[in-house]
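The residues making up each chain are set out below.
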Amino acid sequence: MDGSDLILPQGLEFVSVVAEGGFGVIIKALQRSTNRYVALKFLKDCDKGLQARFRREARVLAKLSHPNIVQFIDFQKSNGQYFILSEFVDGEDLDKLLARSGTVPLATVQQMGKGLLSALHE
């Protein structure tokens, strides 16, 4: 799944594939009505158990509000595909940061750890 086989809901314009995992793909799209970038997490498969897990994930995300947790926008089924719509957060993931710099300063690790622990507490 490279994004070209996904049918986006009306009002969203495909920009790029952000990540792909065992269960789904995350794409970056432009939400035309607000002129902002959003992330869409699509399921690769329509297995009933996976659909139930995906719905639970959406319900949990909808209840969370924290600066270190991506903001949930919506959960929908469109053209037979389930997806979670959330804010798009542009940045570098930890793997890329480590590959680029080799190490991360202790102060940065502490700051990241505090943010992570705060989000987990939420």
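Residues numbered from 1 in each chain as written. Predicted model: local features only at pLDDT ≥ 70, side-chain atom pairs only at ≥ 80, totals over all residues. Heavy atoms only, no water.

**Q** Please provide a residue-by-residue account of the overall build of the protein chain, values included.
**A** From N to C terminus, the protein chain includes 3 helices and 5 strands. Helices and strands appear in the protein chain in the N-to-C order β-β-β-α-β-β-α-α. If one aligns the C-alpha atoms of the protein chain with their principal axes, the spans along those axes are about 45 × 30 × 30 Å. Relative to its full complement of 122 residues, the protein chain shows a buried share of 30%. (Helix = DSSP H or I, 4+ residues; strand = E, 2+ residues; numbered from the N terminus. Buried < 20%, exposed > 50% of the residue type's maximum accessible area, 1.4 Å probe, protein only.)

**Q** Give me the environment of Asn68: which residues, what numbers.
**A** In this fold, Asn68 is placed in the loop between helix H1 (48–63) and strand E4 (72–78). When near neighbours in sequence (up to four residues on either side) are disregarded, Asn68 contacts Gly115 and Ala119. (Contact = heavy atoms within 4.5 Å.)

**Q** Describe the packing of aromatic side chains, naming the residues involved and giving the relevant values.
**A** The description of an aromatic ring pair uses the distance of the two centres, along with the angle that the planes make with each other. The final tally for this structure, using the stated rule, is 3 aromatic pairs. Taken together, a centroid distance of 5.8 Å and an interplanar angle of 20° make the contact between Phe75 and Tyr82 stacked. Members of the aromatic cluster, connected to one another through ring pairs, are Phe54, Phe75 and Tyr82. Cation over ring: Lys28 sits above Tyr37, and NZ or CZ is 4.4 Å from the ring centre. (Phe/Tyr/Trp six-rings, centres within 6.5 Å; stacked < 30°, edge-to-face > 60°. Lys NZ or Arg CZ within 6 Å of the ring centre and 35° of its normal.)

**Q** Would you mind going over the side chain of Lys28 in detail, with residue names and values included?
**A** Along the chain, Lys28 turns up in strand E2 (residues 24–31). Beyond its immediate sequence surroundings of up to four residues, Lys28 is in contact with Glu13, Phe14, Val15, Ser16, Val18, Tyr37, Val38 and Phe88.

**Q** Give me the sheet that holds E2: which residues, what numbers.
**A** Strand order in this open sheet of 5 strands is E1-E2-E3-E5-E4, and the pairing throughout is antiparallel. Of all the strands in the sheet, just strand E1 (12–20) and E4 have a single pairing partner and so form its edges. On average, each strand axis in the sheet is inclined to that of its neighbour by 25°, with strand direction left out of account. Examined bridge by bridge, E2 and strand E3 (residues 36–43) share 8 bridges and lie antiparallel to one another. Bridged to Ala29 within E3 is Val38. Running over the sheet, H1 touches E3, E4 and strand E5 (81–87) and is turned about 20° from E5. (Pairing = 2+ DSSP bridges. Axes fitted to C-alpha atoms, helices over the stretch in contact; angles between N-to-C directions.)

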